[in-house]
Amino acid sequence: MAKTVKLDPINQEVAIQTNDNLLSGLLQKDLNVWKECGGRGMCSTCHVFITEGMDSLSPVNRREMRTMEVITTANKFSRLACQARVIGEGVVVEIPSGMYVSEIENIEDLIGRRAEENILHPITGAVLVEAGKLVTRSMITQLKDTQVEVAEYIAKTQDV
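Residues numbered from 1 in each chain as written. Predicted model: local features only at pLDDT ≥ 70, side-chain atom pairs only at ≥ 80, totals over all residues. Heavy atoms only, no water.

**Here's the deal with the nonpolar core**
One broad rule of soluble globular proteins: the nonpolar side chains tend to lie buried together.
Phase 1 of the analysis: In terms of nonpolar packing, the biggest core is built from 23 residues, with Val-5, Leu-22, Leu-26, Val-48 and Val-93 touching the most fellow members.
Phase 2 of the analysis: Here this core gets three residues from one element, more than from any other, and that element is helix H1 (residues 22-28). (Core = buried A, V, L, I, M, F, W, Y, C linked by side-chain atoms within 4.5 Å. Buried < 20%, exposed > 50% of the residue type's maximum accessible area, 1.4 Å probe, protein only. Helix = DSSP H or I, 4+ residues; strand = E, 2+ residues; numbered from the N terminus.)

Given below as structure tokens:
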């Protein structure tokens, strides 16, 4: 049986089958949520905040707990959408604002422009470039290095 999950701040609802993860519902809505690690709970790209109904989700597992320890924006309302299974009604999800560096197709195109939204690290969720800040060549080097590090990390975890 499907459960209704509310999405903030866009004020939409999505039906998610009982025991399916939140990620499945978020992907239905084409939201700014990724699954860099393939939904295995090893990155921050599906990190969300639960503003209501935490008890209507499955308990946090060890993998999720370990991953959230490195997410710099995580708090007691944080969950990984790929790991949080919907078991009851009343869940309200807020998606952190920003875009992950892995989403940027051509990083060089950002030089000299202001970031339209925060640019986030895909593993830690840390803000690499704040919204409104001018993107410099040195920032681009950092972003490219981050992309390489993340790609290496993801490749290693897929072998496990």
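Next, the rest of the story.
**Side note on the sheet that holds strand S7 (residues 119-120)**
Phase 1 of the analysis: Spatial strand order, S6-S7-S8: three strands in an open sheet with mixed pairing. Because the sheet does not close on itself, it has two edges, and the strands there are strand S6 (99-100) and strand S8 (127-129).
Phase 2 of the analysis: As paired elements, S7 and S8 share two bridges and run antiparallel to each other. In the strand pairing of S8, Ile-119 is matched with Val-129. (Pairing = 2+ DSSP bridges.)

**Some remarks on the side chain of Gln-83**
Phase 1 of the analysis: Take Gln-83: it is sitting in the loop between strand S4 (78-80) and strand S5 (91-94).
Phase 2 of the analysis: Aside from chain neighbours lying at most four places away, what touches Gln-83 is Gly-39, Arg-40, Gly-41, Ser-58, Asn-61 and Glu-64. (Contact = heavy atoms within 4.5 Å.)

**Structural notes on the environment of His-47**
Phase 1 of the analysis: Note that His-47 resides in strand S3 (residues 47-52).
Phase 2 of the analysis: Its relative accessible area of 4% is what places His-47 among the buried residues.
Phase 3 of the analysis: Residues His-47 and Leu-7, 40 residues apart in the sequence, show an inter-C-alpha distance of 14 Å.
Phase 4 of the analysis: Excluding residues that lie within four positions of it along the chain, His-47 makes contacts with Ile-71, Thr-73, Ala-74, Ser-78, Arg-79, Leu-80 and Pro-96.

**Comments concerning the pattern of salt bridges**
Phase 1 of the analysis: Taken as a whole and assessed by the stated rule, the structure comprises four salt bridges.
Phase 2 of the analysis: The partner of Arg-137 in a salt bridge is Glu-108, with the nearest N and O atoms 3.7 Å apart. Residue Arg-137 is found in helix H3 (residues 137-159), and its partner Glu-108 is found in the loop between S6 and S7; the two are separated by 29 residues along the sequence.
Phase 3 of the analysis: Judged by relative accessible area, Arg-137 falls into the exposed class, the value being 54%.
Phase 4 of the analysis: Using a relative accessible area of 33% as the deciding quantity, one classes Glu-108 as partly exposed. (Salt bridge = Lys/Arg side-chain N within 4 Å of Asp/Glu carboxyl O.)

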